[in-house]
Amino acid sequence: MKKAKTLFFGLFQLLSSFVVSACGNENADSNAQRTQESQTKVDTEMTTFKVTGMTCASCSFVVKSAIENVKGVQAVTIDTKGSVGTVQVEFKKNATNIESIKQSVTDLGYGVEN
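Attention in this report is confined to the structure presented alongside it. For clarity, every value in this text was computed on a predicted model and none was experimentally measured. (Residues numbered from 1 in each chain as written. Predicted model: local features only at pLDDT ≥ 70, side-chain atom pairs only at ≥ 80, totals over all residues. Heavy atoms only, no water.)

**Examining the overall build of the protein**
(1) Moving on: Regarding its fold elements, the protein presents 3 helices and 4 strands.
(2) Moving on: Taken from the N to the C terminus, the helices and strands of the protein come in the order α-β-α-β-β-α-β.
(3) Moving on: Within the protein, buried positions represent 21% of all 114 residues.
(4) Moving on: Considering only intrachain contacts with a sequence separation of at least 6, the fraction spanning at least 24 residues in the protein is 64%.
(5) Moving on: Within the structure as shown, the protein displays about 8100 Å² of accessible surface, and the carbon and sulfur contribution to it stands at 56%. (Helix = DSSP H or I, 4+ residues; strand = E, 2+ residues; numbered from the N terminus. Buried < 20%, exposed > 50% of the residue type's maximum accessible area, 1.4 Å probe, protein only. Contact = heavy atoms within 4.5 Å. Areas by Shrake-Rupley, 256 points an atom, 1.4 Å probe, with all protein chains shown as cover.)

**Concerning a nonpolar patch on the surface**
(1) Moving on: A surface patch of nonpolar side chains, amounting to about 280 Å² of accessible area, comprises Phe61, Val62 and Leu108.
(2) Moving on: Inspection of the secondary structure assignment puts Leu108 in the loop between helix H3 (98-106) and strand E4 (111-113). (Patch = residues over 30% accessible without salt bridge, like charges linked within 9 Å, V, L, I, M, F, W, Y side chains within 5 Å. Salt bridge = Lys/Arg side-chain N within 4 Å of Asp/Glu carboxyl O.)

**Quick look at the nonpolar core**
(1) Moving on: The biggest cluster of nonpolar side chains holds 15 residues, and the ones touching the most others in it are Phe49, Val51, Ile67, Val73, Val89 and Ile101.
(2) Moving on: If you list the elements that add at least two residues to this core, you get strand E1 (44-52), helix H2 (57-68), strand E2 (73-81), strand E3 (84-92) and H3.
(3) Moving on: With sequence-adjacent residues up to four places away left out, Phe49 is seen in contact with Ile67, Gly85, Thr86, Val87, Val89, Ile101, Lys102, Val105, Val112 and Glu113. (Core = buried A, V, L, I, M, F, W, Y, C linked by side-chain atoms within 4.5 Å.)

**Some words on the pattern of salt bridges**
Opposite charge on two side chains makes pairing possible when the charged atoms of those side chains draw close.
(1) Moving on: Enumeration over the complete set of coordinates arrives at 1 salt bridge.
(2) Moving on: Lys81 is the partner of Asp79 in a salt bridge, and the nearest nitrogen-oxygen pair spans 3.2 Å.

Given below as structure tokens:
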């Protein structure tokens, strides 16, 4: 009986240490993920510019799709009033730049203003 108790407590300690280390690793993973997310936010930039010549919803869709296809673009929103749209773009600074984003719009034949 004494051997069974010793074995039981030995297994209990082993399992307890495994659970504690697993929880510790989970927190480490969570902290690493938060660090990566904050680093990603540091590496992103937001820009806003006007696009002229958009006359319909299809124009907005085409412009948005073109910008989204630029490598490094994270998010695009377009607010259209008349034939001018205000475009807001979030992008990774190390993957693209404002000029490349604007070029994707002018390549479609639309005008770009600051």
